[in-house]
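Results of the structural survey
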Amino acid sequence: LSSWMSRAPAIDGQLAAGEWSAATLVGTTNPDVTIRVGNDARTLYLAVLDAGDLGTGGADFVFLPFDDEGGVPPVLDDNAYANPACQGQPNLGEGSLTFQAAGSVQFDERSLNPSCPSQTLSDRVRFQSAPQPEGVVYEMAIPLDGPAPLQAGPGQRFAFYLRVFRDGGLVACLPSCAFIDPPNFRNLVLASGGCNTGPQDFGSGD
């Protein structure tokens, strides 16, 4: 469950005191890597802390595949990449977002044609990463209602999978390090109007 955030965090690569206190704190397969998840009506907020990394490089990044819609009418979290062909529009499709510590954001659409061209989203998604005393921090603000490919709203759910890479090596996953395929993703329910507040976990089912 995502938590409702009535105040947007500063996307500056720093976990300032109290800034993410309303978000849900989630562990990964590596106890050194944690994730904070929250949303408001229009934006998904993610903060990843890699406490095992003290400096950023070109091979440090967060990889976020997602499955948000498919079918007629659209069905959120349908356990499949449903686009029949590459749409080539950064606000359409489902696939993966890559957040490089150097500052770039890339979208790779997935469809029945698995080789869709990469698209740069740096002007559509707010992102910042920086080394801090507690580790390397990645902060993201992903629009849910317009210019970015992830399309969902309060009270809805989508499926996602997250991997964290340090110096080119995989160091953490959520929910697991299984094969990257929508049936292996984890459902995320977006908070609605202040609901889903307080301690939460993702549970083990749908």
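What this report covers is the structure whose coordinates are included nearby. Note that this is a predicted model, so its numbers are computed, not measured.

Describing the overall build of the protein
A count of helices and strands for the protein gives zero helices and 14 strands. Ordered by position from the N terminus, the helices and strands of the protein form the series β-β-β-β-β-β-β-β-β-β-β-β-β-β. In terms of C-alpha radius of gyration, the protein reaches 16 Å, essentially the compact-globule figure of 17 Å for 206 residues. By the burial criterion, 49% of the 206 residues in the protein qualify as buried. Sequence separation of at least 24 residues holds for 63% of the intrachain contacts in the protein that already meet a minimum separation of 6. When the accessible surface of the protein is split by element, carbon and sulfur atoms take 50% of a total near 8800 Å². Side-chain charges of the protein comprise 10 positive and 23 negative groups, with the mean position of each set lying 3 Å from the other.

Considering the nonpolar core
Core analysis: the biggest nonpolar cluster contains 34 residues, and L44, V48, F99, M140, I142, F158 and L162 have the highest contact counts within it. The leading source of residues in this core is strand β10 (residues 135-143), at four residues. Not counting the four nearest positions on each side in its chain, L162 is found in contact with I35, V48, V62, F63, L64, A172, C173 and L174. Core analysis: the second largest hydrophobic core is formed by seven residues, M5, A23, A47 and A141 among them.

Quick notes on the packing of aromatic side chains
Counted under the stated rule, the structure contains seven aromatic pairs. Taken together through their ring pairs, the aromatic side chains of Y81, Y161 and F185 make up a single cluster.

Parameters at a glance
Residues numbered from 1 in each chain as written. Predicted model: local features only at pLDDT ≥ 70, side-chain atom pairs only at ≥ 80, totals over all residues. Heavy atoms only, no water. Helix = DSSP H or I, 4+ residues; strand = E, 2+ residues; numbered from the N terminus. Rg over C-alpha atoms; globule rule 2.2 N^0.38 Å. Buried < 20%, exposed > 50% of the residue type's maximum accessible area, 1.4 Å probe, protein only. Contact = heavy atoms within 4.5 Å. Areas by Shrake-Rupley, 256 points an atom, 1.4 Å probe, with all protein chains shown as cover. Lys, Arg positive; Asp, Glu negative; His and termini not counted. Charge placed at Lys NZ, Arg CZ, Asp CG, Glu CD. Core = buried A, V, L, I, M, F, W, Y, C linked by side-chain atoms within 4.5 Å. Phe/Tyr/Trp six-rings, centres within 6.5 Å; stacked < 30°, edge-to-face > 60°.

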